[in-house]
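Single-letter residue listing:
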Amino acid sequence: KSKNISEHFLKTYQPGDFFGELALISNKERSATAITGKEDLVKIGILDYKIFLKIAERNPSFLYTVLHSILCRVSEVEKEIEIVLKEVEELKQLSS
């Protein structure tokens, strides 16, 4: 969102995927923005915090889906951190 931050590819989404759930649960702004290719046909739905709470109250399994998505993202980030730490360690060994 900041003009000083460069753009980085984070993820490709498939039909039925969603994003912004961390921001929705914490009731804060998203940390990323989604874009599509020009040839892509995309349908989106937008939830605000109030609507999110109403859906969650009426359909608790919806919360499970959101929680599962968050846990999968945490796992992906942990794997990426492991890779970066290994690369840093290799670079340290090379410079020694």
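Our structure is the block above this text.
Residues numbered from 1 in each chain as written. Predicted model: local features only at pLDDT ≥ 70, side-chain atom pairs only at ≥ 80, totals over all residues. Heavy atoms only, no water.

1. Some thoughts on unusual backbone geometry
Consideration 1: With phi around 60°, Asn27 is a residue other than glycine that occupies positive phi space.
Consideration 2: Of note, Asn27 is situated in the loop between α1 (21-26) and α2 (49-58). (Helix = DSSP H or I, 4+ residues; strand = E, 2+ residues; numbered from the N terminus.)

2. Some thoughts on the pattern of salt bridges
Consideration 1: Scanning all chains against the criterion turns up one salt bridge.
Consideration 2: The partner of Glu21 in a salt bridge is Arg73, and the shortest N-O contact between them spans 3.0 Å. Pair noted here: Glu21 is in helix α1 and Arg73 is in helix α3 (residues 60-95), with a separation of 52 residues, a long-range link. Grouping residues by exposure puts Glu21 and Arg73 together as buried. (Salt bridge = Lys/Arg side-chain N within 4 Å of Asp/Glu carboxyl O. Buried < 20%, exposed > 50% of the residue type's maximum accessible area, 1.4 Å probe, protein only.)

3. Thoughts on the environment of Phe18
Consideration 1: One can find Phe18 in the segment before α1.
Consideration 2: Residue classification places Phe18 among the partly exposed residues on the basis of a relative accessible area of 28%.
Consideration 3: For the pair Phe18 and Ala32, spaced 14 residues apart in the sequence, the C-alpha separation amounts to 13 Å.
Consideration 4: The residues contacting Phe18, other than those within four sequence positions of it, are Tyr13, Thr65, Val66, Ser69 and Arg73. (Contact = heavy atoms within 4.5 Å.)

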